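Here are the chains, one letter per residue:
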Amino acid sequence: MSFFRFFSVLVIGTFIEGFRSDPCSSYTSLTGQYQRSTGYVMQSTDIAISDNFLSEGWYRFDSGAGNDMVTQAPSITQCGTIYPIWLQGALPSDADGEVSRTACIVGFSGPCSKTITIKVKSCGNYRVYYLVPVPQTSTGYCIGENSPCPEGKTSKTGFTPCQDIIPKSTNPSVKVSLENKQNLNIPLLKPVEPVFKCLFDEPSGGPYWYDTYWSINMDTVKVVKSQLHNSNQSWLYPNDWVDNYDLNMVVQCSVRVRQFEKGIPGHHNYSDNFPAGMFPSSFSHKLKEGETISIKLTVTVPLGCFDINHQNNCKTSIFLLTPEYRSSTNSCKPLSKQGDLAFDEKGCGIVIESSTWWDEKILNVTGKSDGLINYPKGRNLNIKLGSKTNSPDDPSKVWFNFTMPDIKVRLYDKDEHMKNKLCYADTDPRIQTFDGKPWTASLAGEFVMYRDTQRRIAVHAIFSSCRWTNWHHEGYCGCGIAIRVENSLFAYRTCERISNHYSKPLIHHDTVYHICDDRHMVVDIGNPWSTITLPNGAKVKYRIGQDWIYNIHITPSIFDEGNVEGLCRNPNSDTSDDFIPQGSRVSTSNTRNFQASWRVDISSTESLFGVNTKFNNSNFMLPKYCDCAEEIKENEYSISKYHTARCSASSAIMCSQTTTPNSLTSTCTSYQNRYKRNSNNFDFQRRLIDKRSAESDGVTEIMPLTIDPSFDPNFIPPTPSWKNGWNESTAREHCENIILNNPARISCQNYIPMGESANISIEQCVLDIRDSGSTEFSKHTLESLNHFCFDQIKKYEIYYVRKGTKRASVVDAIGKLICPNDCSSHGVCNEGQCKCRDPYIGVDCSLTASTPPTNVTLPENGLCKTSKRACKKTNIFGYFHSEVVYAKLEEFEITDLGKTTKHSTATFQTTHITPIILRINLPTTNRRRRSPSGNLYGIGFHISLSYYNIHFGKSMPIVIFNDVCYTCSVSTLECNITRSCEDSLSKQNTNVKKDKEGNEISLALISALCIVSVIILAVVCVLLYLKIRPNTRLSPKVDINSQSSKCEQFPPQLYETINTDCIPSQPPNYESLSPPSFATT
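Residues numbered from 1 in each chain as written. Predicted model: local features only at pLDDT ≥ 70, side-chain atom pairs only at ≥ 80, totals over all residues. Heavy atoms only, no water.

Asks: Just to check I follow, could you spell out the overall build of the chain for this structure?
Replies: What the chain contains, in helices and strands, is nine helices and 62 strands. Here the chain, with 1081 residues, has 49% of them falling under the buried criterion. By element, 51% of the accessible surface of the chain is carried by carbon and sulfur atoms, the whole surface being about 52,700 Å². (Helix = DSSP H or I, 4+ residues; strand = E, 2+ residues; numbered from the N terminus. Buried < 20%, exposed > 50% of the residue type's maximum accessible area, 1.4 Å probe, protein only. Areas by Shrake-Rupley, 256 points an atom, 1.4 Å probe, with all protein chains shown as cover.)

Have a look at this one:
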């Protein structure tokens, strides 16, 4: 049996060895070496074949020129070498098997100058040759007799014999589609990638073979030869180009037709250029400030996806890379630096989705108004789009690092249309429309000065009688200004009620700051001028003067033409429509009827001063625009997460990026204003702030606007007569003198037309003197003209330019001429603001700091209730002539023994909020239950103010107390305990007594248990001791130390339990109840 196995193995091994040694199956293949043919003659540039480096062994040749050694002697330089080698004798047949043959080397001495021995074997359709290295260089074996077909000829092999090529033309075009991604081993997913195809119709007479050439930006990137029609091997895949080229490239293909697979290809058939990427409808656009254009973008290359069934989830974001033009995207500066362009709230770019990649994309671009009349009138801007990050949804990375060439935008200035346009209500009040029509208001009430017909934006004013004690002015004066934007409101009021015949100024001016979004309006509180910038670019300025608003100025923006109404009317340079009453389309010559039509009932929901104001903004939503201020960071790939995009309702039209200070903003549902007790019906949708929060101390009190019971809305004051020695001639002389000789007007006249404005101001000045019998209002008229001059000069971009390092710009120069009363020669004027020298203060530096503030009050009459406020700070109301004000606080206590003055006094500088509001921090004290002077129920401070920290005015007390238990009076400094608090105190004492008794019982029980436990533990320890005595057998498992340790540790654990459960800990409470009523002595 073992012999048989040995024999079988021997036979099989011999068979395998014989198979392996058969040269027909074991050889080296040399393909494509058609230069070895006798039909090929060496060229001067060729390198001769040298088979002296050939390894000895069996070889098979495969070339279109022939596959066997030639049997006729070739000439020198044939067969791609200098000394060709040929075979003597005939080629063997299959029957001959393996034979030896002589090979001759052609030399200069003859066709067989040397010989070598080789072997040949026929293998059916081919032969193999056992070759040896030749003995000299530039010598090679000669294989085949054919030569390549010349140009215009072809054959099946591409070698002789040849025939004429029949020209075949195609009309290829480049197309792109999503195809399955190959060679990706991801289970359960079917990724797709964008693939370029060179498509054409196959010519008649086929089939044919095709060579496909691909080029990107004229660079050849891929060549595929001899493929059948529509072979996917001829497609251009992302891997063929994505590492070397970025989208927004030009792709082209060409096709050459072969009549045979190995035939000679015909001429190139070129496709049209295919723009691959994303392209705008135009790379050049024109745009005016305030206008919006829609730039259409076409996407020509799909977005790949990790799975064909989730294409709606595969997205990539194309961002605005360079808002301002720079030589490199990496050096991009924030767009907000110039504020030229803004984009819609969809974000800073375009989103491409794999499932809808072919949809047209829209980029809405708005030209920003900088509020300046530019020179030159147009600005060249650039928009660059691209993707600096790779979308994780697309494995092909085709859209990675995409950059589109700049879209050029020519932005034209439009602010020039609004030059010299100003609506104002000055003094009593003299009103001028946007288009320059002057008139005098003759009615009192709340009126719409300005209202946007497209958005919830409005400006209202209150006019009421100017008459008060010792002042017998016959007309009306401004005493309220309110600005509403969507659900935000800013209001300032100086009068308590609207009247025909007398005035009642507020003790302190009322201000409402309900600004839900710091971009709804930008509030800049100044002294005496304050400015509110609206989201459409219009500006509202007002000037306060003690108890009146002497000037209200509204400067329109480029968005206002054709879109606003009210007493200011429409800034369209057409005065014929300046007096169209509300609800009418026909202008009237009766200014009284015109004014009456724009009156607002203060009890209506449209009033901005009344108690029923509504903020329903559901029908008016301001469009939002985005400043793409910074480029996307490397780790950001979603526009929704592009946190540097600042979107608001105002950034499309505001040059300034400043916002309303936090101290003037609030939440949309919260008001911090406390209204007087007679305002029970005044619901401003306010909610109380947490009583212990620090913000609860920012209290401002609003006195509801009321109507004089005798008020007649149709009453027109009689035309005043001249008085106090004035007549029209003397008044005109005075007015012309102060206005025409005013340095600011003279300087402005050199740059902008001032003649008409000056003449209107003179006429208003004359009427003011007639109505008042004095020059009291003349300075306000002059100041109004000066500010008109300054505001118009600031509109011109060119006037900001400094000529020389030391020479001031026009804006700087005029800004030094418009201060009120020339700062009374006690200060320096800059940009219309006086900087007073010590010791002078006031808007015109006419007052001295030695006179302390007067007519100051505290919120809630000086009562600080700890259940509603933190009482850590307080506002102080008044009219303050300087931002630097000092406060002196003298502390006192209120006890059951009376008021006791403590010796602590603090002096510090207050915090300036507005010209009418200061804020101070109240020193912290130990609000304990007991005092050396008796039971302590309240503390307080006498507060007095000074401008110079030397002369302090009359003090006013503030009392801090628990209003749940007490009612207190600031005037008498006496408090009474409330009945509910007495009942609570009695109940509390009862509960304390019960708790005490319960605690005593619990403590006795626990103590008893502790004693019993100690006794038991002691007995256990004694027994253990007796058990482990030396004469006692001990168990090996007993741990004496452990038992002793447990015995010692147990009692402390019990005592900790007693301490935790039985000993109450209550901190002293200043607000705790104490004995009944008391009074100070």
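Asks: Which parts of the structure should I look at to understand helix α6 (residues 778–793)?
Replies: Spanning 16 residues, α6 covers 23 Å between terminal C-alpha atoms, matching the ideal 22 Å at 1.5 Å per step. With 15 of 16 residues buried, α6 lies mostly within the body of the structure. (Expected span 1.5 Å × (residues − 1).)

Asks: It is not clear to me how a nonpolar patch on the surface should be interpreted in this structure. Could you clarify?
Replies: A cluster of nonpolar residues, Tyr-375, Ile-798 and Val-801, forms a patch on the protein surface that exposes about 330 Å² of accessible area. As for its placement among the helices and strands, Ile-798 is situated in the loop between α6 and α7 (810–815). Assessed through its relative accessible area of 42%, Ile-798 is described here as partly exposed. (Patch = residues over 30% accessible without salt bridge, like charges linked within 9 Å, V, L, I, M, F, W, Y side chains within 5 Å. Salt bridge = Lys/Arg side-chain N within 4 Å of Asp/Glu carboxyl O.)

Asks: Can you help me understand the state of the cysteines in this one?
Replies: Each disulfide consists of one covalent bond between the sulfur atoms belonging to two cysteines. Tallied over the full model, the rule gives 16 disulfides. Here Cys-466 is linked by a disulfide to Cys-477, with a sulfur-sulfur distance of 1.6 Å. When the S-S torsion is 125°, as for the bridge of Cys-466 with Cys-477, the disulfide is right-handed. Of this pair, Cys-466 sits in the loop between β32 (457–465) and β33 (476–485) while Cys-477 sits in strand β33, and the two are 11 residues apart along the sequence. Residue Cys-466 is classed as buried on the basis of its relative accessible area of 0%. The exposure class of Cys-477 is buried, given its relative accessible area of 1%. Cys-735 shares a disulfide with Cys-765; S-S distance 2.0 Å. With the S-S dihedral at roughly -75°, the linkage between Cys-735 and Cys-765 falls on the left-handed side. With Cys-735 in helix α3 (residues 728–740) and Cys-765 in helix α5 (residues 755–772), this residue pair connects regions lying 30 residues apart in the sequence. For Cys-735, a relative accessible area of 0% puts it in the buried group. (Disulfide = S-S within 2.5 Å.)

Asks: Would you take a moment to explain unusual backbone geometry for this structure?
Replies: Most peptide bonds take the trans configuration, and most residues that are not glycine carry a negative phi. Residue Pro-207 follows Gly-206 across a cis peptide bond; omega there is 10°. Relative to the assigned elements, Pro-207 resides in the loop between β11 (192–199) and β12 (209–216). Omega for the peptide link from Asp-838 to Pro-839 comes to 5°, which places this bond in the cis form. Positive phi is not limited to glycine here, since Cys-79 has a value of about 65°. By relative accessible area, Cys-79 is classed as buried at 1%. Phi at Ser-825 is positive, roughly 60°, even though this residue is not glycine. In this structure, Ser-825 sits in the loop between α7 and β48 (827–830).

Asks: Is there a simple way to think about the pairing of β12 in this case?
Replies: Looking down a regular strand, the side chains alternate between one sheet face and the other. For β12, the buried fraction is high: seven of the eight residues fall into the buried class. Of the strand pairs in this sheet, β12 and strand β14 (residues 249–258) are connected by eight bridges, and their pairing is antiparallel. Residue pairing across strands places Ile-216 opposite Val-251, the latter belonging to β14. Two strands pair when backbone bridges link them, and β12 and strand β13 (residues 219–227) are joined in this way by six bridges, in the antiparallel orientation. Residue Ile-216 lies in a different strand from β13, and its bridge partner there is Asp-219. The turn joining β12 and β13, which pair antiparallel and follow one another in sequence, is formed by two residues; a positive phi near 55° is taken by Asn-217. (Pairing = 2+ DSSP bridges.)

Asks: Would you explain the sheet that holds strand β26 (residues 402–403) in this entry?
Replies: Whether parallel or antiparallel, the strands of a sheet pair through hydrogen bonds between backbone atoms. The strand order β22-β20-β25-β26 describes an open sheet built from four strands, whose pairing is antiparallel. Single-partner strands in this sheet number two, and they are β22 (349–353) and β26. The pairing of strand β25 (residues 385–387) with β26 spans two bridges and is antiparallel. Note that in β26 the partner of Gly-386 across the bridge is Thr-403.

Asks: Is there a simple way to think about the environment of Gly-266 in this case?
Replies: Locating Gly-266 in the fold gives a position in the loop between β14 and β15 (269–270). Among the residues examined, Gly-266 registers a relative accessible area of 17% and is labelled buried. Taking the C-alpha atoms as reference points, Gly-266 and Arg-256, separated by 10 residues in sequence, lie 5.3 Å from one another. Those residues in contact with Gly-266, other than ones at most four positions away along the chain, are Arg-256 and Val-257. (Contact = heavy atoms within 4.5 Å.)

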